[in-house]
Amino acid sequence: MLPVYDLHSHSLCSDGSLSPQDLVSRAKEQGVTHLALTDHDTISGLKAAKEQALKENITLVNGIEFSTLWQGRNIHIVGLNLDVDNATLIAACEQQSQSRIERAKEISSKLAEKGLEGCYEGALQYCASGIIGRPHIAKYLVETGKVANMAQAFKRYLGAGKIGDVKQCWPDIQTAIGWIHAAGGVAVLAHPTKYTMTRTKLRVLLGEFKEAGGDAMEVICGHLKPGQGDDMQRLATYFNLLSSCGSDFHAPGQPWQDLGKFSQLPESAVPVWESWAN
Ligand code: AMP
Ligand code: MN
Ligand code: MN
Ligand code: MN
């Protein structure tokens, strides 16, 4: 049987809906053989995921998805194959989680100016982990009837360029790559097709990411339009980056792909896992 790698997924330790254990079980059911749990700015789910993976006989790759700021944009960098006991990584997660709390309070006061009161306290109800993010605020806005659904919450208040799109708290890409490398991991530029930037801008980003020590990019991330995978592979080859693939799964029945459900890497790809396979 061919291995099936899904190297981007979330649990309720950040903004996913499943426990790390249930996520691993679902991955196994979906035929995934190698799963990376890459929660936003935290490694807190990895221990439980690893224990479950041992029971289910699937390989768990220690991962994270760091939030960064690049040219005024929120760029995500996935770290894979991390040493979770590394002190630099642990301190980085602590710093990011504090930033998330301050940011959520700032978003909350901005939304209050628009007549949407109590967003921080409200969002905490939906955030079991303490890794608070915009989806928790969106959930509060949905539950209190301020918006019809999550998509509308992002479209009106929280998405790129809207009043609740606060991102000045995030480190630059070099810093996040440094954290990942300190923990022995591989730094992967997440979902390059999702940034709504021009191709010229994307090339600048990839060039700077590589320059800053970045190792890989997600060539296949969830559902892509025809030809996009090959197009991303051309960029990976040009910038001499390894290729990764993942669903970015957050919750069953959501717009994201299900675990393991995406096309294979193009044949010319050098898979990121070759960097840690012996
Ligand atoms: P944050 O980590 O607080 O910056 O929030 C970013 C997260 O919001 C992403 O990882 C997605 O999980 C979620 N998200 C972004 N856009 C949307 C959207 N249009 N609808 C629902 N969730 C979204
Ligand atoms: Mn998310
Ligand atoms: Mn992301
Ligand atoms: Mn993600």
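Source: prediction; values computed, not measured. (Residues numbered from 1 in each chain as written. Chains lettered and ligands numbered in written order. Predicted model: local features only at pLDDT ≥ 70, side-chain atom pairs only at ≥ 80, totals over all residues. Heavy atoms only, no water.)

(A) The site of ligand 1, seen in detail. Near ligand 1 the following residues occur: D15, H40, N74, R100, R103, G133, R134, P135, F154, H250 and W256. With respect to ligand 1, the side chain of H40 contributes an N or O atom lying 3.0 Å from an oxygen atom. One of the side-chain nitrogen or oxygen atoms of R100 is found 2.9 Å away from an oxygen atom of ligand 1. Its atoms largely coinciding with the cavity grid, ligand 1 occupies the largest pocket. Those elements that provide at least two residues to the shell around ligand 1 are α3 (87-113) and α5 (134-143). Split into classes, the residues belonging to the shell around ligand 1 amount to three nonpolar, four polar and four charged. (Near = heavy atom within 4 Å. Polar contact = N/O pair within 3.5 Å; in protein donor to acceptor, adjacent residues only side chain to side chain. 1 Å grid on protein atoms, 1.4 Å probe; cavity = no way out; pocket = protein on both sides within 12 Å on 5 of 7 lines; lining within 4 Å. Sits in = over half its atoms within 2 Å of the grid points. Helix = DSSP H or I, 4+ residues; strand = E, 2+ residues; numbered from the N terminus. Nonpolar A, V, L, I, M, F, W, Y, C, P; charged D, E, K, R; others polar.)

(B) Broad picture of the coordination of the manganese ion (ligand 2). Of the protein atoms, only D15 (OD), D15 (OD), H40 (NE2) and H250 (NE2) coordinate the manganese ion (ligand 2), at distances of 2.1 to 2.8 Å. Around the manganese ion (ligand 2) sit six donor atoms, and with donor-metal-donor angles ranging over 51 to 160 degrees the site reads as irregular. Here the donor residues of the manganese ion (ligand 2) are spaced in sequence according to D-x24-H-x209-H. The two metals, the manganese ion (ligand 2) and the manganese ion (ligand 3), are separated by 5.7 Å. Of this pair, D15 sits in the loop between β1 (5-6) and α1 (20-29) while H40 sits in the loop between β2 (34-37) and α2 (46-56), placing them 25 residues apart in sequence. Pair check on accessibility: D15 and H40 agree, each one buried. (Donors = N, O, S within 2.8 Å, 3.2 Å for Na, K, Ca; no water. Tetrahedral: all angles 85-135°; square planar, octahedral: opposite > 155°, others 65-115°. Buried < 20%, exposed > 50% of the residue type's maximum accessible area, 1.4 Å probe, protein only.)

(C) Quick look at the sheet that holds strand β4 (residues 73-80). Spatial ordering of the open sheet is given by β1-β2-β3-β4-β5-β6-β7, a layout of seven strands whose pairing is mixed. On the outer flanks of this sheet lie β1 and β7 (242-246), each paired with one strand and no other. Relative to β2, β1 runs parallel, the two being bridged by two bridges. Its bridge partner lying in β2, Y5 is registered against H34. Set on the sheet, helix α7 (residues 173-182) makes contact with β3 (59-70), β4 and β5 (186-189); between it and β3 the angle comes to about 160 degrees. Helix-sheet contacts for helix α8 (residues 199-211) involve β3, β4, β5 and β6 (216-221), and the interaxial angle to β5 is about 175 degrees. (Pairing = 2+ DSSP bridges. Contact = heavy atoms within 4.5 Å. Axes fitted to C-alpha atoms, helices over the stretch in contact; angles between N-to-C directions.)

(D) Structural detail: the coordination of the manganese ion (ligand 4). Protein-derived coordination of the manganese ion (ligand 4) comes from H8 (NE2), H10 (NE2), E65 (OE) and D248 (OD), at a distance range of 2.1 to 2.2 Å. Of note, the donors binding the manganese ion (ligand 4) are all from one chain and are spaced H-x1-H-x54-E-x182-D. Between the manganese ion (ligand 4) and the manganese ion (ligand 2), a separation of 4.8 Å is found. Linking H8 in the loop between β1 and α1 with E65 in strand β3, this pair joins segments that are 57 residues apart in sequence. Residue classification places H8 among the buried residues on the basis of a relative accessible area of 0%.

(E) Just the state of the cysteines, in detail. The tally for this structure, following the rule as stated, stands at zero disulfides. Cysteine C127 shares no disulfide, and the gap to the nearest cysteine sulfur, in C13, comes to 10 Å. Classification of C127 as buried rests on a relative accessible area of 8%. Note on C169: no disulfide assigned, nearest cysteine sulfur contributed by C127 at a separation of 15 Å. When its relative accessible area of 27% is taken as the criterion, C169 is described as partly exposed. (Disulfide = S-S within 2.5 Å.)

(F) Region of interest: the layout of surface pockets. By volume, the largest pocket amounts to about 1700 Å³. Along the walls of the largest pocket sit 49 residues, with D15, P135, F154, H250 and W256 positioned nearest its centre. Secondary structure elements with two or more residues in the lining of the largest pocket: β3, β4, α3, α5 and α6 (150-158). Reported here for the second largest pocket is a volume of approximately 330 Å³. In terms of lining residues, the second largest pocket is bounded by L2, P3, V4, Y5, C245, G260, F262, S263, Q264, L265, P271 and W273. Its residues assigned to classes, the lining of the second largest pocket shows nine nonpolar, three polar and no charged. (Points joined across faces, edges and corners; volume = space filled by probe spheres on them.)

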